[in-house]
Amino acid sequence: MISGLLERNPRFAQWLYGFKPPERGTVVLVHRRVYIVPARIGWLFGATLGLLLIGSINYALGLGFALTFLLAGLGLAAMVHTARNLARIGVTAGRAEPVFAGEPAQFRVLLESRAGFDRPAILARHLGSGAQLVVDIPAHGVAEVVLEAPAARRGWLPIGRLMLETRYPLGLFRAWSYVEPDARCLVYPRPERSPLPTAAAHEAAGGQRSPVAGNEDFSGLRTYQLSDSPRHVAWKAVARTDGMLTKQFSGEAAAELWLDWERLPPALGLEQRLSRLAGWVLAAERGGARYGLRLPGVEIAPARGDSHAAACLQALALYRES
Amino acid sequence: MTPAPHPLAPEMRLATPRDLAWLIGALALAILPHAQRAPWWLTLLTLCLFGWRFYLSLDRSPLPSRWLVLGVAAVAMLGVWIEYRHMLGRQQGILLLVLFAGLKLLETRTHRDATAAAFLGYFLIVTNFLYTQSIPAALLMCAALFAITATLVGFSAPNRAARSNMRTAAVLLGHAAPAALVLFLLFPRVNTPLWGLPQDAYTGMTGLSETMSPGNLSNLALSDAIAFRAEFQGELPPQALRYWRGPVMWDFDGRTWRLGDYVPARADPPTAGRAAYRYDVVLEPHNRTWLFALESAASVPPRARYSGDGQILARFPVRARLRYDVTSVIGPEARSDEAPYLLRRALRLPESFNPKAAALAAQWRSGARDEGEVLSRAIAFFRQGRFVYTLEPPMLGSDSVDEFLFDTKAGFCEHFASAFVFLMRAAGIPARVVTGYQGGEVNPFDRIVTVRQSDAHAWAEVFLPGQGWLRVDPTAAAVPGRVESGLARAVPQGEQALIRHPGLEWLRDLRNQWEAAAHKWNVWVLSYNPERQRELMSLIGIRDADWRSLTATLFTALGMITAALLLWSLRRMARPDPVQRAWRAFCAKLAARGVERSPHEGPRDYAERAARALPGARRAILHIAALYMSLRYGPHASARRAKQLRRLVRELRLT
């Protein structure tokens, strides 16, 4: 009920919870940041207490009073314990591996119990995606949660706001806290599978002479595309697997290839161009070629290897991103 | 986007076999005391339902259909109806609650249902208190409460070891105790029930009744139940003077004595006498209005009235243990006047009953000079009459006094009192029957006098001109042992309850100790009432506390307890060490002036950059950084230098 109200009125929630801009490093949930309300079970508990009290008064049951008041004290203690279960948890966002747009970003979050007691049943939820996980944090220990969030667009994806919640120990109260760590995930453009530029990509300037996807040496398999020659279809592989695969051949292992923005069809939009370039980077890396990337204002010298591919993809991801 | 199911919401979490095992254990503890009153088949049925549910959870079988559960419920309710022939009593309601605990488990899938079933356990605990609130009942309550709490903790922390959850439950209950104590002592109490209670709420309370006929006191005398306890300040009155006055019987129909109309008081009770005793009485509920006091009461407890025949009557029937304090005097000044209509009433006798007794009385009267002589003749008659005091008197016919006096010569105190008052009235002396208790056992451990139903007694009071009403105990005259040493030695052996056997002293000792504890329990826990609350408040300096001052004190105390709990919850929280805190404060100060430390920046680089940006504070900034680095990474950390760092940071002014 309350959470629904807050979801509809983000500015009210902002005011109520004093949301802060993303916080760097380890965020410690101090008591001030922990909110607590009775859970539905808590209201039921309260109603039970009311009935017990009325019965005890009416029948003048001394022990009835004792039970009722013990339960009331239990409610009070449960409230303090529930808040304590969340207070002084250190939240640290770990490194998130880059992903391609359209794949889920995986944010690792470390929850650390900065106290000499364990904290059972802590729910961590990514508010944007609704991804959630329940973990137990050992005393003075750390629990890791991985929260997935959809990465729709290329560029930096901030982790966004997280909520930690607990109802331990009796389920009567719901304590929660919001935290927005300063963590982000790099999102590469969605790679478009298209054939690598052909031998025509040959640069006049350099002494490179190699068409890349030649047909001398078998270099691997890739998924079939309509433009592929039927002669290159790996029929044996088709028999084994579900999809059509195309045999790839590379002309020369050391061939250098420039993946050049300028050579893309002029009709393509910005994102399409980046997608195609990203697809080329993947294909080139898979093909084992040395390749370079040329974007307006950006040039990455030809090289090979995972870190080179990552650099190229990052350049694509962040191209013209503010 | 539809919100994902909430994994902490109880309706989303399935009850595991471990959860169910705990829940069943806790509920069984709560049901345990009911089992001694419930029909055996109902207890067995409930336990079978528990077992069935647990068995189903082991291999995750589907739960029985709702129709099957309803069928079981209907059969069980039919059984209860056959047992009691109606369904609307308190006992039946509680039995259905017990049964419901079993049925509820059969439809328990998630933690929400399981929690509701656990709360049902609270009602099972409290309904037991309608029958008994003894110390064992309280201990059982604590055990059941602990089990329910541990069960709930188990629901909340399913992956944790049961031992850890039990420890948490114990800590929780420990933390609940101070608040519970404060609430118990300070929550404003009321004396009257909120609404009418069911008809059968007070059945089974024993005590004296409004009538006295042959046989009903001797029945009562077989009961070992406690009537009341009295705690004297100072001296105890001797056994022979411990006459606890109760209902006074005026009207006789030949067989049964009755209270008759209420006699309004004409004056306050007499306050001067030979000896005065002050004492507290804790009266067990007996569902009548009589309050018992030592003869004769000189003060009347609050909310009670004093009647013209010396009874003390509460405004409402005593349905809960009641505590009052009274002062009594021995040998009060005589009140020699009495209303003529009362004297006439004290002479009234049914026509044509007991002719032999009437003739004997007339014979005494004619041969005596005054009432005093008649009285002494009558006492002599009883003393020499070889009467037998017995708990099992022979049955008497319609001329009950004649038969007792001249044929059977065996009876209990009601026979003696009834016959004596009859004789007095027949001889023209106003007389009345007084019932109450005589004696009581003194507990050597706390000097509290325990008066049991077996101490019930009946005696006579006669009115002599110039002397007023005098107590005469014909039983004491006939069987002196009754009054001097209590019932135990007066009644022939074999008729007594085993515990009164003179040979079993150790057993009596044990019982005395137990009862001393039970008395404290009654006074401080069970009959804690508004009066006692006021006494307590006057101890802390608040006189005449009403509900407002009680509530104010209550909330103050609860606030303090909550603060203490919060302080506790902050304990064991790792705080950054003071050096680190000072460094953070330093960084925050610089950041406020626009020099923010980037995460990768070490203290030296940062300080140099800050010093360049804020040349006015250059010296201080570099000094603080140097001190921090030496404290943090150097070999010579000391508390004094840490303090210096904190001071420097505090005094740093960046203008």
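Residues numbered from 1 in each chain as written. Chains lettered and ligands numbered in written order. Predicted model: local features only at pLDDT ≥ 70, side-chain atom pairs only at ≥ 80, totals over all residues. Heavy atoms only, no water.

### Section: the overall build of chain B
Argument step 1. For chain B, the count of helices and strands is 23 helices and 18 strands.
Argument step 2. Evaluated residue by residue, chain B yields a buried proportion of 50% over its 655 residues.
Argument step 3. By sequence separation, contacts in chain B at least 24 residues apart represent 73% of the contacts at least 6 residues apart.
Argument step 4. On chain B, roughly 31100 Å² of surface is accessible, and the fraction owed to carbon and sulfur atoms is 59%. (Helix = DSSP H or I, 4+ residues; strand = E, 2+ residues; numbered from the N terminus. Buried < 20%, exposed > 50% of the residue type's maximum accessible area, 1.4 Å probe, protein only. Contact = heavy atoms within 4.5 Å. Areas by Shrake-Rupley, 256 points an atom, 1.4 Å probe, with all protein chains shown as cover.)

### Here we look at the interface of chain A and chain B
Argument step 1. Contacts between the two partners involve 60 residues from chain A and, on the opposite side, 69 residues from chain B.
Argument step 2. Overall, the association of chain A and chain B removes approximately 5700 Å² of surface from exposure, summing both partners, and the carbon and sulfur fraction of that is 73%.
Argument step 3. Across the chain A-chain B interface, the total number found is 1 salt bridge.
Argument step 4. Across the pair Arg160(B) and Asp118(A) runs a salt bridge, and its minimum N-O distance is 2.9 Å.
Argument step 5. Inspection of the region where chain A meets chain B yields 10 residue pairs in polar contact (both at pLDDT 80 or more).
Argument step 6. Contributing elements (two or more residues each) for the side of chain A that touches chain B: helix 3 (40–59), helix 4 (62–86), strand 6 (119–126), strand 7 (132–137) and strand 10 (162–166) of chain A.
Argument step 7. Looking at the side of chain A that touches chain B element by element, the count peaks at 18 residues for helix 4 of chain A. (Buried area = accessible area lost by both parts, 1.4 Å probe. Salt bridge = Lys/Arg side-chain N within 4 Å of Asp/Glu carboxyl O. Polar contact = N/O pair within 3.5 Å; in protein donor to acceptor, adjacent residues only side chain to side chain.)

### Section: the side chain of Arg276(A)
All names here are of chain A.
Argument step 1. Tracing the chain through its elements places Arg 276 in helix 6 (residues 270–287).
Argument step 2. A distance of 2.9 Å separates polar atoms of two side chains, one belonging to Arg 276 and the other to Glu 192.
Argument step 3. In this structure, Arg 276 is in contact with Glu 192, Ser 194, Leu 264, Pro 265 and Leu 268, ignoring residues within four places of it in sequence.

### A short note on the nonpolar core
Argument step 1. Core analysis: the biggest nonpolar cluster contains 85 residues, and Leu63(A), Leu67(A), Leu71(A), Tyr122(B) and Phe129(B) have the highest contact counts within it.
Argument step 2. By size, the runner-up hydrophobic cluster in this structure holds 74 residues, among which are Phe252(B), Ala314(B), Ala368(B) and Leu391(B). (Core = buried A, V, L, I, M, F, W, Y, C linked by side-chain atoms within 4.5 Å.)

### Some remarks on helix 4 of chain A
Argument step 1. Between the first and last C-alpha of helix 4 of chain A there are 37 Å, a value that for 25 residues agrees with the 36 Å anticipated at 1.5 Å per step.
Argument step 2. Of all 25 residues in helix 4 of chain A, 23 are buried; the element is thus mostly enclosed. (Expected span 1.5 Å × (residues − 1).)

### Quick look at the pairing of strand 17 (residues 456–464) of chain B
All names here are of chain B.
Argument step 1. Along strand 17, 9 of the 9 residues are buried, which leaves the element largely enclosed by surrounding structure.
Argument step 2. In strand 17, alternate side chains face the same way, and those of Ala 456, Ala 458, Ala 460, Val 462 and Leu 464 on one face and His 457, Trp 459, Glu 461 and Phe 463 on the other are all buried.
Argument step 3. Where strand 14 (residues 431–438) meets strand 17, 7 bridges bridge the pair, whose relative direction is antiparallel. Considered in strand 17, the bridge of Thr 435 is made with Ala 458.
Argument step 4. Hairpin remark: strand 17 followed by strand 18 (residues 468–472), antiparallel, with 3 residues in the connecting loop; positive phi at Gly 466, about 85°. (Pairing = 2+ DSSP bridges.)

### Examining the confidence of the model for chain B
All names here are of chain B.
Argument step 1. Confidence in the prediction for chain B averages 83 pLDDT; 92% of positions are at 70 or higher.
Argument step 2. The weakest mean pLDDT in chain B belongs to helix 16 (residues 487–490) at 51; the strongest belongs to helix 7 (residues 162–186) at 94.
Argument step 3. With a pTM of 0.67, the predicted complex shows an ipTM of 0.78. (pLDDT = per-residue confidence, 0-100.)

### Remarks on empty space enclosed by the protein
Argument step 1. Going through the model one piece at a time under the given rule, you end up with 6 cavities of 30 Å³ or more.
Argument step 2. For the largest cavity, the calculated volume is near 170 Å³.
Argument step 3. Gly171(A), Leu8(B), Pro10(B), Phe155(B) and Ser156(B) are, among the 15 residues lining the largest cavity, the residues nearest its centre.
Argument step 4. Counting residues per element, the lining of the largest cavity draws most heavily on helix 6 (residues 135–156) of chain B, at 3 residues.
Argument step 5. Per-class residue counts for the lining of the largest cavity are 9 nonpolar, 4 polar and 2 charged. (1 Å grid on protein atoms, 1.4 Å probe; cavity = no way out; pocket = protein on both sides within 12 Å on 5 of 7 lines; lining within 4 Å. Points joined across faces, edges and corners; volume = space filled by probe spheres on them. Nonpolar A, V, L, I, M, F, W, Y, C, P; charged D, E, K, R; others polar.)

### Structural notes on the sheet that holds strand 10 (residues 312–314) of chain B
Residues and elements named next belong to chain B.
Argument step 1. Strands sit in the order 7-10-9 across an open sheet of 3 strands; the sheet is antiparallel. Each of the sheet's edge strands pairs with one partner strand only, and the pair in question is strand 7 (290–291) and strand 9 (304–306).
Argument step 2. As judged from the 2 bridges shared by strand 7 and strand 10, these two strands associate in the antiparallel manner. When the bridges of strand 10 are listed, Trp 290 appears paired with Leu 313.

### Regarding the pairing of strand 3 (residues 243–249) of chain B
Residues and elements named next belong to chain B.
Argument step 1. Counting buried residues in strand 3 gives 7 out of 7 residues, a clear majority hidden from the surface.
Argument step 2. Here strand 3 runs beside strand 14; their pairing, made up of 5 bridges, is antiparallel. Among the inter-strand pairings, Tyr 243 is bridged to a residue of strand 14, identified as Gln 438.
Argument step 3. Bridge analysis of strand 3 against strand 8 (residues 293–294) gives 2 bridges, and the strand direction is antiparallel. When the sheet's bridge partners are listed, Arg 245 is paired in strand 8 with Ala 293.

### Regarding the packing of helix 11 (residues 371–384) of chain B against helix 13 (residues 413–426) of chain B
Residue and element names in this part refer to chain B.
Argument step 1. Here helix 11 crosses helix 13 at 150°, and the two axes come no closer than 11 Å. Crossing of helix 11 over helix 13 shows right-handed handedness. Of the residues in helix 13, those in contact with Val 374, Leu 375, Ala 378, Ile 379 and Phe 382 of helix 11 are Phe 416, Ala 419, Phe 420, Leu 423 and Met 424.
Argument step 2. Across the contact of helix 11 with helix 13, the residue classes break down as 10 nonpolar, no polar and no charged. (Axes fitted to C-alpha atoms, helices over the stretch in contact; angles between N-to-C directions. Left-handed = near helix turned anticlockwise from the far one by under 90°.)

### Some details on the sheet that holds strand 5 (residues 257–258) of chain B
Residues and elements named next belong to chain B.
Argument step 1. Spatial strand order, 1-5-4: 3 strands in an open sheet with antiparallel pairing. Where the open sheet ends on each side, the last strands, each with one partner, are strand 1 (211–212) and strand 4 (251–252).
Argument step 2. Across 2 bridges, the pairing between strand 4 and strand 5 is antiparallel. Each residue of the ladder has a partner; that of Phe 252, found in strand 5, is Trp 257.

### Notes on a nonpolar patch on the surface
Argument step 1. Side chains of Trp52(B), Tyr55(B), Leu58(B) and Leu68(B) sit close together on the surface and give an oily, nonpolar patch of about 420 Å² of accessible area.
Argument step 2. Structurally, the position occupied by Leu58(B) is in helix 2 (residues 40–58). (Patch = residues over 30% accessible without salt bridge, like charges linked within 9 Å, V, L, I, M, F, W, Y side chains within 5 Å.)

### Quick notes on the packing of helix 1 (residues 17–35) of chain B against helix 4 (residues 90–106) of chain B
Residues and elements named next belong to chain B.
Argument step 1. Packing of helix 1 against helix 4 leaves a shortest axis separation of 11 Å and a crossing angle of 170°. Taken together, the axes of helix 1 and helix 4 are roughly antiparallel relative to one another. Counting all contacts with helix 1, which are made through Leu 20, Leu 23, Ile 24, Leu 27, Ile 31 and His 34, the residues of helix 4 involved are Ile 94, Val 98, Ala 101 and Leu 105.
Argument step 2. Among the residues forming the contact of helix 1 with helix 4, the class breakdown is 9 nonpolar, 1 polar and no charged. (Parallel < 35°, antiparallel > 145°, perpendicular 65-115°, else oblique.)

### Section: the pattern of salt bridges
Residues and elements named next belong to chain A.
Argument step 1. Enumeration over the complete set of coordinates arrives at 27 salt bridges over all chains.
Argument step 2. Close ionic contact of Asp 260 with Arg 294 constitutes a salt bridge, the shortest N to O distance being 3.3 Å. In this pair, Asp 260 is assigned in strand 15 (residues 256–260) and Arg 294 in strand 16 (residues 290–295), connecting sequence segments 34 residues apart.
Argument step 3. On the basis of relative accessible area, Asp 260 is assigned to the buried category, the value being 8%.

### Structural notes on the packing of aromatic side chains
Argument step 1. Counted by the stated rule, this structure contains 36 aromatic pairs over all chains.
Argument step 2. Taking 5.3 Å as the distance between ring centres and 55° as the angle between the ring planes, the aromatic pair formed by Trp261(A) and Tyr319(A) counts as tilted. In this pair, Trp261(A) sits in the loop between strand 15 and helix 6 while Tyr319(A) sits in the segment after helix 7 (306–318), placing the two residues 58 residues apart along the sequence. Each member of the pair, Trp261(A) together with Tyr319(A), is buried.
Argument step 3. Ring centres 5.8 Å apart and planes at 85° place the aromatic pair Trp244(B) and Tyr279(B) in the edge-to-face group. Taken together, the positions of Trp244(B) in strand 3 and Tyr279(B) in strand 6 (residues 275–283) put the pair 35 residues apart, joining distant regions of the chain. (Phe/Tyr/Trp six-rings, centres within 6.5 Å; stacked < 30°, edge-to-face > 60°.)

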